[in-house]
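Reading the structure
Here's the letter readout for the chains.
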Amino acid sequence: MQSIFAMNGSETPEPVKAEVKGTIPAWLQGTLLRNGPGLFSVGDSAYNHWFDGMSLIHSFTFNNGEVYYRSKFLKSETYKRNIKANRIIVSEFGTMIYPDPCKNIFSRAFTHLCNTIPDFTDNNLINIIRYGQDYYASSEVNYMNQIDPVTLDTVARVNYRNHIALNLATAHPHYDDEGNTYNMGTAIMGFGRPKYVIFKVPANASDRERKKPVLQKVEQVCSIPFRSTLFPSYFHSFGMTENYIIFVEQPFKLDILKLATAYFRGVNWGSCLKFDEDDTTLFHLINRKTGKAVSTRYYGDALVVFHHINAYEDQGHVVFDLICYKDTNLYEMFYIENMRQDTSQFIESNKNFSPPLCKRFVLPVNIDKDAPKETNLVTLKDTTARVVVQTDGSVYCQPDTLFEGLELPGINYKFNGKKYRFFYGSRVEWSPHPNKIAKFDIVTRKHVEWQADNCYPSEPVFVASPGAVEEDDGVILSSVISPDPTISPFMLVLNAKTMEEVARASLNVSVHMDLHGLFIPASV
């Protein structure tokens, strides 16, 4: 099974019409853009890790009950250099590349010198994000690549560092009701004191004549100093409510000195991330309007988090839901050597895998300095999450576990930052059973699933019905692949209320497993 994920994908540069079974709602008009690794070897060279593969962009366009698919490799500088050389010459997170031994000594010396401070790849394989009215393939580095959402052509490379002091930035921003985009990054080297930076790109940032970069209007909301100067916390996403930004400073850390010397020590950049299980997690609340942090320092047990589900405010509390792990084995599982094992071997070698846990944290915003010690300060009745002031004065948070075995969470985005009831995701069960899509009801603590034999769905994306009032009034979209050659790849459309299949649009072309994406509604 795992072998299908690490095969080289291929482009479908012109639109291909899918064969639709069932009925796609007439109101579903727009394009689902998807991004993920799709090219794992060039010439005789190959990547070590699935997250290193070169970006393959997909689009599924819904138009009057029909579906059209196309895909193109992101024509990043990394892609162009690798293809021109017919070998991988740009290092990625899990694959460190060294000079061709056929180069002369001066060329090799220059290459070594350039790697003292890494200039990261622009292979933006994680997500599609919007700034202003422009769309970008993004990952977690200082580069992103603008794409044309219709043709999937690569338009231009953009460097965050030309506009704001950042070395790294997430591929999971937030969008408010006005269309502004909020994101977060890390300033490690060359920008004064190391810090985390939260920034905003206004909805009107796009230049109509496309002559000025969208980031010219970027605004810094605030910055947060590192807890430990040489060990910044890794983060893949963050939370946002109407009034607050939530940042989880987890003890999954990047060792700056190891990063700077990784090339010379013969190790990849991924090895510079370490989880300190004996450390604590620090939860930051930052006021979106003032840029100032809430004075209370909230602590919790060590955890690893990649994805936030949602966050909201309720009766003086900030509530936020995370997908948590007890260790970092998830990253190790995606080394390609590991993934190419057959299913039984894969399960056996990963039996100690830490399953993802959906956990709810609740932070009382205003804690009185005279609050009683060792007494739960959470007053909400719909959660067992706890917050206590310990005898040493520290504020300790214990979560409420909602669900086990779900990743790649999605919600009705109209409820982002607001109190909500449902989330969707991919069921993560490392067993011979087929993968599934699940809908979880936070109120009843029950879930319902969709599954089909030998089918592996991608991250579920919720699209609301026009004028919908109920939170789950809409459809779920997911791209599905199979190792069974008799099952064509297809776009799955589910009724988001019942999780029953409404339609599937099958394709007679290759479709590769992806990571994340964005639905762009058709212009009215």
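Relevant structure appears above.
To keep things clear, this report deals only with the structure shown in the data block. Here the structure is a predicted model, which means the values were calculated and not measured.

**Brief notes about the overall build of the protein chain**
Within the protein chain one finds 6 helices and 38 strands. The dimensions of the protein chain, computed from C-alpha atoms along their principal axes, are 65 × 65 × 55 Å. A burial count over the protein chain gives 59% of its 524 residues as buried. Taking contacts inside the protein chain between residues at least 6 apart in sequence as the whole, the part at least 24 apart equals 61%. As presented, the protein chain carries roughly 22,400 Å² of accessible surface, and 51% of it is formed by carbon and sulfur atoms. Across the protein chain, 52 positive and 58 negative side-chain charges occur, with their mean positions spaced 5 Å apart.

**Some thoughts on the pairing of strand S37 (residues 501-506)**
Both strand S2 (residues 19-22) and S37 contribute to a ladder of 4 bridges, which runs antiparallel. Residue pairing across strands places Val20 opposite Ala505, the latter belonging to S37. Between strand S36 (residues 490-495) and S37, which pair antiparallel in sequence order, lie 5 residues; one of them, Met499, sits at a positive phi of approximately 65°.

**Considering the sheet that holds strand S7 (residues 66-73)**
With antiparallel pairing, the 5 strands of this open sheet are ordered in space as S1-S7-S6-S3-S38. Either end of the sheet is taken by a strand with one partner, and the two such strands are strand S1 (12-17) and strand S38 (516-521). For this sheet, the mean angle separating the axes of adjacent strands, direction not counted, is 15°. Across 3 bridges, S1 lies against S7 in antiparallel orientation. Along S7, the bridge assignment pairs Val16 with Tyr69. Across the sheet, helix H1 (residues 77-85) is in contact with strand S3 (30-39), strand S6 (54-63) and S7; its angle to S6 comes to roughly 120°.

**Looking at the side chain of Asp255**
Within the secondary structure, Asp255 sits in the loop between strand S19 (252-254) and helix H3 (256-265). Lys258 provides the closest opposite charge to the buried, unpaired Asp255, separated from it by 4.4 Å. Engagement of the side chain of Asp255 in a polar contact is seen with the backbone nitrogen of Lys258, the distance being 3.0 Å.

**So, the pattern of salt bridges**
On inspection of all chains with the given rule, the structure shows 24 salt bridges. As a salt-bridge pair, Arg227 and Asp279 come within 3.8 Å of each other at their nearest N and O atoms. Taken together, the residues Arg227 in the loop between strand S16 (219-225) and strand S17 (239-240) and Asp279 in the loop between strand S20 (273-275) and strand S21 (281-287) connect sequence positions 52 residues apart. For Arg227, a relative accessible area of 31% corresponds to the partly exposed category. Each of Lys439, Glu470, Asp472 and Lys497 takes part in one network of salt bridges that share partners.

**Brief notes about H1**
Taken residue by residue, H1 has Thr78, Tyr79 and Asn82 as its buried positions. The buried residues of H1 occupy an angular sector of 95° when the element is viewed end-on, so they sit on one face. In this structure, the buried side of H1 is in contact with S3, strand S4 (41-42), S6 and S7. Taken from the residues just after H1, Asn86 is the one with a positive phi, measuring 55°.

**Some words on the side chain of Lys253**
As for its placement among the helices and strands, Lys253 is situated in strand S19. The exposure class of Lys253 is buried, given its relative accessible area of 17%. A polar contact is formed between the side chain of Lys253 and the side chain of Asp279, at a distance of 2.7 Å. Non-local contacts of Lys253, meaning those with residues more than four positions away in its chain, are made with Phe231, Pro232, Ser233, Tyr234, Cys272, Leu273, Lys274, Asp276 and Asp279.

So, how was this worked out
- Residues numbered from 1 in each chain as written.
- Predicted model: local features only at pLDDT ≥ 70, side-chain atom pairs only at ≥ 80, totals over all residues.
- Heavy atoms only, no water.
- Helix = DSSP H or I, 4+ residues; strand = E, 2+ residues; numbered from the N terminus.
- Buried < 20%, exposed > 50% of the residue type's maximum accessible area, 1.4 Å probe, protein only.
- Contact = heavy atoms within 4.5 Å.
- Areas by Shrake-Rupley, 256 points an atom, 1.4 Å probe, with all protein chains shown as cover.
- Lys, Arg positive; Asp, Glu negative; His and termini not counted.
- Charge placed at Lys NZ, Arg CZ, Asp CG, Glu CD.
- Pairing = 2+ DSSP bridges.
- Axes fitted to C-alpha atoms, helices over the stretch in contact; angles between N-to-C directions.
- Salt bridge = Lys/Arg side-chain N within 4 Å of Asp/Glu carboxyl O.
- Polar contact = N/O pair within 3.5 Å; in protein donor to acceptor, adjacent residues only side chain to side chain.
- Arc of directions from axis to C-beta.

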